[in-house]
Amino acid sequence: MQREKLQKMMLLAMMIALDVVLSPLFRVEGMAPMSSVMNILAGGLLGPLYGTLMALCCGIIRMLLLGIPPLALTGAVFGAYLAGLLFRATGNLYGAMLGEIIGTGIIGSLLSYPVMVLFTGSQQGMYWLIYTPRFVGATLIGSVVAYFVWKLLSRVPVFKRCQQLFLRSDQS
């Protein structure tokens, strides 16, 4: 039991580190497709709770260290949660991809508008759908990349063992 907790925390820490390092490296202006990749992988591997925790930690770290606005939180958290939830519900990666697209691309983009109005103190030049094209674009790019990464990782025995670790804890 204690060993499983330690393994989960180590895997969570590794996913956080990967997300924090890779997201700024593979960033397109106004888009963070690597964040979507990591949300989908974390949703499928860690589940909704740990995937959301990963996205929350990464968003906070990126805001503090890289000066990224609160969009790092509004986008990633809902996508990671829905990716994990739909992965568990469907049992396949397509569910996680759909969860990321809905959670980050739609819900996250719409919630980003009031957050940024509050953050900047201005509504000038902003409208509700201002972030939706970029967020949806990033989630579509991230979904394609995550699909190929998942297919490659699914051949690695350690990846399957890590996934089983989180599946066992969800069922108990």
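Calculation rules
Residues numbered from 1 in each chain as written. Predicted model: local features only at pLDDT ≥ 70, side-chain atom pairs only at ≥ 80, totals over all residues. Heavy atoms only, no water. Helix = DSSP H or I, 4+ residues; strand = E, 2+ residues; numbered from the N terminus. Rg over C-alpha atoms; globule rule 2.2 N^0.38 Å. Buried < 20%, exposed > 50% of the residue type's maximum accessible area, 1.4 Å probe, protein only. Contact = heavy atoms within 4.5 Å. Areas by Shrake-Rupley, 256 points an atom, 1.4 Å probe, with all protein chains shown as cover. pLDDT = per-residue confidence, 0-100. Phe/Tyr/Trp six-rings, centres within 6.5 Å; stacked < 30°, edge-to-face > 60°. Patch = residues over 30% accessible without salt bridge, like charges linked within 9 Å, V, L, I, M, F, W, Y side chains within 5 Å. Salt bridge = Lys/Arg side-chain N within 4 Å of Asp/Glu carboxyl O.

In the nomenclature of an unreviewed UniProt entry, the protein chain is known as ThiW protein of Enterococcus pallens ATCC BAA-351.

Turning to the overall build of the protein chain, a few remarks are in order. Scanning the protein chain for helices and strands turns up 7 helices and 0 strands. Across the protein chain, helices and strands are ordered from the amino to the carboxyl terminus as α-α-α-α-α-α-α. By the compact-globule yardstick of 16 Å for 172 residues, the protein chain fits well, its C-alpha radius of gyration being 16 Å. Projected onto its principal axes, the C-alpha positions of the protein chain cover 50 × 30 × 30 Å. Across the 172 residues in the protein chain, those meeting the buried criterion constitute 45%. Taking all contacts inside the protein chain whose residues are at least 6 apart in sequence as the whole, residues at least 24 apart take part in 69%. Working note: accessible area of the protein chain is about 9100 Å², and carbon and sulfur atoms make up 71% of it.

Of the residues in the protein chain, 93% reach a pLDDT of 70 or more, and the chain-wide mean stands at 86. For the protein chain, the element scoring lowest by mean pLDDT is helix α7 (residues 157–171), at 72; helix α6 (residues 132–153) scores highest, at 92.

Now for the packing of aromatic side chains. Tallied over the entire structure, the rule returns 4 aromatic pairs. With centroids separated by 6.0 Å and ring planes inclined at 25 degrees, the aromatic side chains of Tyr-94 and Tyr-147 adopt a geometry described as stacked. You can see Tyr-94 sitting in helix α5 (residues 93–120) and its partner Tyr-147 sitting in helix α6, a full 53 residues away along the chain. Between Tyr-147 and Phe-148, the aromatic rings sit 5.4 Å apart at their centres with planes inclined by 80 degrees, giving edge-to-face as the arrangement.

A few words on a nonpolar patch on the surface. Side chains of Phe-78, Leu-98, Ile-102, Ile-106, Ile-107, Leu-110, Leu-111, Tyr-127, Trp-128 and Leu-129 sit close together on the surface and give an oily, nonpolar patch of about 870 Å² of accessible area. As for its position among the elements, Phe-78 is in helix α4 (residues 71–90). Judged by its relative accessible area of 34%, Phe-78 is partly exposed.

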